Amino acid sequence: MKFKGIIFDLDGTLVNSLEDISDAMNKVLTALSYPTHTYDTYQYFIGSGLRNLVSKALPDTNNSDDEIESCFECMVDEYTKICTLKTKPYDGIVELLENLTSQNIKMAVFSNKADELTKKIASEIFPKQFDIAVGLSTEELKKPNPFEAIEISKKWNLKPEEILFVGDSDIDMKTAVNANMFPVGVTWGYRTEQELKNSGAKAVINNASELIEIL
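I will try to describe carefully the structure that is included in this document. Counting starts from 1 at the beginning of each chain's written sequence and moves along it residue by residue. The predicted origin of the model limits local features to residues at a pLDDT of at least 70 and limits the giving and counting of side-chain atom pairs to 80 or more, whereas totals for whole chains, interfaces and linings rest on all residues. To get the side-chain values, take all heavy atoms of the structure and skip hydrogens and water.

## Thoughts on the overall build of the protein
Right, so step 1: Counting its regular elements, the protein contains ten helices and eight strands.
Right, so step 2: Two things to know: the radius of gyration comes from C-alpha atoms, and the globule rule equals 2.2 Å times the number of residues to the power 0.38. For the protein, whose C-alpha radius of gyration is 17 Å, the value lies close to the compact-globule estimate of 17 Å for 215 residues.
Right, so step 3: Here the C-alpha coordinates of the protein stretch approximately 55 × 30 × 30 Å along the principal axes.
Right, so step 4: To sort residues, take the accessible area from a 1.4 Å probe on protein chains only and compare it with the maximum for the residue type: under 20% means buried, over 50% means exposed, and anything in between is partly exposed. Taken over 215 residues, the protein has a buried fraction of 53%.
Right, so step 5: Contacts are assigned to residue pairs with any non-hydrogen atoms lying within 4.5 Å of each other. Pairs at least 24 residues apart make up 65% of the contacts formed inside the protein by residues separated by at least 6 positions.
Right, so step 6: Roughly 9,900 Å² of accessible area belongs to the protein as shown, and the carbon and sulfur atoms make up 48% of that amount.
Right, so step 7: Averaging the coordinates of the 22 positive side-chain charges in the protein and doing the same for the 34 negative ones gives two points 5 Å apart. A run of H or I in DSSP becomes a helix once it reaches four residues, and a run of E becomes a strand once it reaches two; helices and strands are each numbered from the N terminus. Computed by Shrake-Rupley with a 1.4 Å probe, the accessible areas treat only the displayed protein chains as cover when residues are assessed. In this charge count, Lys and Arg are treated as positive and Asp and Glu as negative; neither His nor the chain ends contribute. Where a charge lies is defined by one atom per residue type, namely NZ (Lys), CZ (Arg), CG (Asp) and CD (Glu).

## Things to note about the nonpolar core
Right, so step 1: Counting residues in hydrophobic clusters, the biggest one holds 55 residues, and the most contacted among them are Phe8, Leu14 and Met75.
Right, so step 2: Not counting chain neighbours up to four residues away, the residues in contact with Leu14 comprise Phe8, Asp9, Lys88, Pro89, Tyr90, Ile93, Leu97, Val109, Phe126 and Phe130.
Right, so step 3: Nonpolar cores were defined as sets of buried Ala, Val, Leu, Ile, Met, Phe, Trp, Tyr and Cys residues, with membership established by side-chain atoms within 4.5 Å. In this structure, Ile7, Ile132, Ile163 and Met181 belong to the second largest nonpolar core, which totals 14 residues.

## Here's the deal with helix α8 (residues 170-179)
Right, so step 1: Within the sequence span of α8, burial applies to Ile171, Asp172, Met173, Thr175, Ala176 and Ala179.
Right, so step 2: Where α8 is buried, its residues meet β4 (106-114), α7 (147-156), β6 (163-167), β7 (182-186) and α9 (193-198).
Right, so step 3: Within two residues after α8, Asn180 carries a phi angle of roughly 65 degrees, on the positive side.

## Some thoughts on the environment of Leu18
Right, so step 1: Within the fold, Leu18 resides in helix α1 (residues 18-31).
Right, so step 2: For the pair Leu18 and Lys88, spaced 70 residues apart in sequence, the C-alpha to C-alpha distance is 9.9 Å.
Right, so step 3: Discounting chain neighbours no more than four positions away, the residues touching Leu18 are Tyr39, Tyr42, Gln43, Ile46 and Tyr190.

## Re the environment of Leu117
Right, so step 1: Summarising the element assignment, Leu117 is placed in helix α6 (residues 115-125).
Right, so step 2: Using a relative accessible area of 3% as the deciding quantity, one classes Leu117 as buried.
Right, so step 3: Expressed as a C-alpha distance, the spacing of Leu117 and Phe130, which sit 13 residues apart in the sequence, is 15 Å.
Right, so step 4: What Leu117 contacts, discounting residues up to four positions off in sequence, is Leu50, Tyr79, Thr80 and Cys83.

## A look at the sheet that holds β7
The pairing of strands in a sheet happens through backbone hydrogen bonds and is either parallel or antiparallel.
Right, so step 1: Strand order in the open sheet formed by six strands is β5-β4-β1-β6-β7-β8, with parallel pairing between adjacent strands. The strands lining the two open edges of the sheet, one partner per strand, are β5 (132-136) and β8 (203-205). Within the sheet, the average angular offset between the axes of one strand and its neighbour, ignoring direction, is 25 degrees.
Right, so step 2: Here a strand pair is declared whenever DSSP counts at least two bridges between the two strands. Inspection of the sheet shows strand β1 (residues 5-8) paired to β6 by four bridges, in the parallel sense. Within β6, the residue paired with Phe8 across the bridge is Val166.
Right, so step 3: On the sheet, helix α5 (residues 93-102) packs against β1 and β4 and is oriented at approximately 150 degrees with respect to β1. Axis lines are fitted through C-alpha atoms, for helices just across the contact stretch, and the angle between N-to-C directions can take any value from 0 to 180 degrees.

## Re the pairing of β6
Right, so step 1: Judged by how many residues are buried, β6 sits mostly within the fold: five of five residues are covered.
Right, so step 2: Along β6, one buried face is formed by Ile163, Phe165 and Gly167 and the opposite face, lined by Leu164 and Val166, is buried too.
Right, so step 3: In this structure, β6 lies alongside β7, joined through four bridges in parallel fashion. When the sheet's bridge partners are listed, Phe165 is paired in β7 with Pro183.
Right, so step 4: Orient the strands so they point away from the viewer; a crossover is then right-handed if the path from the first strand over the helix to the second runs clockwise. For the crossover that starts at β6, traverses α8 and ends in the parallel β7, the hand is right-handed.

Honestly, it's all geometry; don't read function into it.
In structure tokens:
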């Protein structure tokens, strides 16, 4: 088997967390009497970390560094309380992970979500599947920086080219390219098939079972 490990993005790839993220941010905005946003709008705010999402959600007239930082702290507090309330695996994901586990494929999660939240969601929703779950610890290591992906390959003692990198965004595809891993885009997340292909996806799948075919 050419591929021996898979690194998954979290939001938009393994789980649909759109509503929990949106609800938490809208609660912060409402408390400040700022305009809120629809789920469809938040779909394009997700992918570059929660601090970036906060900046996009705030009004242009109230977007100073101090305001972003203050709202970011409030948003994380709110989101931590509800981060698994409505968040669910996408169709076929649980079965896919069980299949991969049975084949002894190494699996990890790498997200631009805060590290503590990434670990919390991965462990609660997928308690047995992942030996590694890595989130954002410092802005410098945010995807598409491949550092954490390469570190995962080292822990597994695998070459980067032996690893699939699966995600739903242009950022994920660029991370895979930067890490010299095989980029697989998924169409059930928050971005379009064309965006994925334009960003380097070598394969694009429409349902979870198609990942087995790539392996």
